Amino acid sequence: MVPKVIFGEGSFDQLADILNPKRQQMAPFIFLVDDVFQDNQEFLDRITLRFNDKMLFISTEEEPKTSQVDSLVQDIKAEFTNLPSGIIGIGGGTVMDLAKAVSIMLANPGSSADYQGWDLVKQKAIYHVGIPTISGTGAEVSRTTVLTGPVRKLGINSDFTPFDQVILDPELTQGVSKNQWFFTGMDCFIHCVESLNGTFLNAFSQSYGEKAYDLCLEIFLSDSLSEAESRAKLMMASWHGGMSIAYSQVGVAHAMSYGLGYVLGTKHGVGNCIAFQFLDEFYSKDVALFKEMVKKHNVQIPQGVCKDLTEEQMDVMIDVAMGMIPLWENALGDEWEKTITREKLRNLYRKM
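The shown structure was predicted, so the numbers you read here are calculated from the model rather than taken from an experiment.

## What about the overall build of the protein?
Scanning the protein from N- to C-terminus turns up 13 helices and 9 strands. A compact globule built from 352 residues would reach a C-alpha radius of gyration of about 20 Å, and the protein, at 20 Å, matches this within 12%. Viewed in the frame of its principal axes, the protein has a C-alpha envelope of about 55 × 50 × 40 Å. The buried share of the protein, taken over its 352 residues, is 57%. Residue pairs at least 24 apart in sequence account for 78% of intrachain contacts in the protein once pairs closer than 6 positions are excluded. A total of about 14800 Å² of accessible surface is found on the protein, and carbon and sulfur atoms cover 49% of it.

In structure tokens form, the structure reads like this:
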């Protein structure tokens, strides 16, 4: 679990006080910041750089890659004699995942692609802090950092992945576009659905999943919340949804979304929504609720994304999806391969 978290509007301004006790001599803090803030001087002025601290702006046009992680680690090691005092990720799920992966790889040899999987990391990551500026992914609390590697899209799932400190400041999520708000919010909703309907469910993950699920229904289907209340509640839904899957697992939509992401570069939240609309067989009640939310907020989900795929691309997409064995086990149990065949996935992808 994340050992330290603070929550509240304006809590971002406590960052310098939090970092000071962790600062080591001649060792910088490296700030990975979503490049959406690159021209926002008012926001950047709230980040205090001291001594040889460095700020790196991260493009989120594409999902994070193992090559991107390796390049960042190489650059940091080349520029600084000492390992950093810590890595601070400020942004959405992409930046959160990069911050977690970079902090792991600064303490472990080889390429980040070597650690895609479960419990492969041997050395504790360096100190790392997560500050989400969009809510829904659960990346701020999860024990994975999802990366697209040379052969697959898969997380570095380990006990060393979670942040040492998280700052949850709902003010930072102001100004997120409606589509982004919706797609990342649906990532959270789908986390809850897949956790609560999975075979890995236990009382711990269920208690978090049910709370996040109820918050999502309130945020996306009721009209009773102010903008400030909605921001705060979605931030907590993201946290609880992330906690729920940390102790269980996700399911069919995520497995299929990984395939879309690897072959087409589809953003994670969008990919989940593209897949989820066709998963009545697995989650009928919640697919109906999802479609209600889409209609209420008048959001356009991309259609026909797989129509021009070659057979080779389709096979790669199916390979990636079928490789997510723990997700299928959670969704359908140990004998999932009796239900999920290559042909079944091919038919589902064709609908997309």
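After that view of the structure, there is still more to cover.
## Observations regarding the environment of S207
Tracing the sequence through the fold places S207 in helix α6 (residues 203-221). Separated by 33 residues in the primary sequence, S207 and H240 have C-alpha atoms spaced 8.8 Å apart. At 2.8 Å, the side chain of S207 forms a polar contact with the backbone oxygen of F204.

## Some thoughts on the pattern of salt bridges
Counted by the stated rule, this structure contains 20 salt bridges. A salt bridge links D53 to R23; its shortest N-O distance comes to 2.8 Å. A residue pair is termed long-range when its members are at least 10 positions apart, and D53 in the loop between α2 (41-44) and β3 (54-58) and R23 in the loop between α1 (15-19) and β2 (29-34) qualify at 30 residues. E218 is paired through a salt bridge with K233; the nearest N and O atoms lie 3.0 Å apart. Of this pair, E218 sits in helix α6 while K233 sits in helix α7 (residues 227-246); the two residues are 15 residues apart in sequence, bridging distant segments of the chain.

## Topic: the sheet that holds strand β8 (residues 153-157)
Spatially, the 3 strands line up as an open sheet ordered β5-β8-β7, and their pairing is mixed. Strand pairing shows two members of the sheet lacking a second neighbour, β5 (117-118) and β7 (146-148), which therefore form its edges. Sheet topology places β5 next to β8; 2 bridges connect them, and they run parallel. What sits directly across from W118, in β8, is N157.

## Section: the packing of helix α5 (residues 178-196) against helix α10 (residues 280-296)
Running from N to C, α5 and α10 cross one another at 165°; their axes reach a closest spacing of 11 Å. Comparing the axis directions of α5 and α10 gives the class roughly antiparallel. Between α5 and α10 the crossing geometry is right-handed. In this structure, α5 contributes F182, M186, F189, V193 and E194 to the contact, and α10 contributes Y283, D286, L289, F290, M293 and V294. Residues belonging to the contact of α5 with α10 are distributed by class as follows: 9 nonpolar, no polar and 2 charged.

## What about a nonpolar patch on the surface?
Taken together, the side chains of M1, F204 and Y247 present a nonpolar region at the surface, about 310 Å² in accessible area. Position of F204 relative to the elements: it lies in helix α6. In this structure F204 comes out as partly exposed when scored by relative accessible area, which is 37%.

## Notes on helix α3 (residues 66-79)
Over its 14 residues, α3 extends 20 Å from the first C-alpha to the last, a length consistent with the 20 Å expected when each residue adds 1.5 Å. Those residues of α3 that fall on the buried side of the exposure criterion are T66, V69, L72, V73 and I76. Buried residues of α3, viewed axially, fall in a sector of 130°; they line one side. Summarising the geometry of α3, the exposed residues directed more than 90 degrees from the buried face are Q74 and A78. Each element contacted by the buried residues of α3 is listed here: β2, β3, β4 (86-91), α4 (93-105) and β7.

## Things to note about the side chain of S103
By the secondary structure assignment, S103 is in helix α4. A relative accessible area of 0% places S103 in the buried class. Polar contacts involving the side chain of S103 include one to the side chain of H128, which spans 3.5 Å. In this structure, S103 is in contact with I87, A125, I126 and H128, ignoring residues within four places of it in sequence.

## Some remarks on empty space enclosed by the protein
Counting across every chain of the model gives 1 cavity of 30 Å³ or more. Here the largest cavity is characterised by a volume of approximately 40 Å³. Taken together, A16, L19, N20, R23, F29, F31, T48, R50 and D53 make up the lining of the largest cavity. Contributions of two or more residues to the lining of the largest cavity are made by α1 and β2. Class assignment of the residues belonging to the lining of the largest cavity gives a composition of 4 nonpolar, 2 polar and 3 charged.

Thresholds, definitions, all that
- Positions within a chain are numbered from 1, following the residues in the order the chain's sequence is written.
- For a predicted model such as this one, the threshold for reporting local features is a pLDDT of at least 70, and the threshold for listing and counting side-chain atom pairs is 80 or more; totals across whole chains, interfaces and linings nevertheless cover every residue.
- Only hydrogens and water are removed before side-chain values are computed, so all heavy atoms of the structure are retained for them.
- Secondary structure follows DSSP: runs of H or I at least 4 residues long count as helices, runs of E at least 2 residues long count as strands, and numbering of each begins at the N terminus.
- Each radius of gyration reported is based on C-alpha atoms, and the globular scaling rule is 2.2 Å times the count of residues to the power 0.38.
- A 1.4 Å probe rolled over the protein chains alone gives each residue an accessible area, and that area as a share of the maximum for its type sets the label: buried under 20%, exposed over 50%, partly exposed in between.
- By the convention used here, residues are in contact when the closest approach between their heavy atoms is within 4.5 Å.
- Areas reported here follow the Shrake-Rupley algorithm with a probe of radius 1.4 Å; residue values treat only the protein chains shown as occluding.
- Under the rule applied, a polar contact is a pair of N or O atoms within 3.5 Å (in protein, one hydrogen donor and one hydrogen acceptor; residues adjacent in sequence only if both atoms are side-chain atoms).
- A pairing counts as a salt bridge when a side-chain nitrogen of Lys or Arg comes within 4 Å of a carboxyl oxygen of Asp or Glu.
- When DSSP finds two or more bridges between a pair of strands, those strands are recorded as paired.
- Every axis corresponds to a line fitted to the C-alpha atoms, with the helix fit spanning only the stretch in contact, and the corresponding angles, defined between N-to-C directions, vary from 0 to 180 degrees.
- Here roughly perpendicular refers to angles of 65 to 115 degrees, roughly parallel to angles under 35, roughly antiparallel to angles over 145, and oblique to all remaining angles.
- Left-handed describes a crossing whose near helix is turned anticlockwise from the far helix through less than a right angle; right-handed describes the clockwise counterpart.
- Note that Gly is not counted as nonpolar here; it falls among the polar residues with everything else outside the nonpolar set of Ala, Val, Leu, Ile, Met, Phe, Trp, Tyr, Cys and Pro and the charged set of Asp, Glu, Lys and Arg.
- Residues qualify for a patch when their relative accessible area is over 30% and they have no salt bridge, like charges being joined within 9 Å and the nonpolar side chains of Val, Leu, Ile, Met, Phe, Trp and Tyr within 5 Å.
- Here, expected helix span is obtained from the residue count minus one, scaled by 1.5 Å.
- Here, the arc refers to the directions that run from the helix axis to the C-beta atoms.
- Grid points spaced at 1 Å over the protein atoms alone were grouped into cavities, where a 1.4 Å probe fits but cannot get out, and pockets, open sets with protein on both sides within 12 Å along at least five of seven lines, with lining residues defined by an atom within 4 Å of a point.
- Grid points are joined across faces, edges and corners, and a volume is the space filled by probe spheres set on the points.

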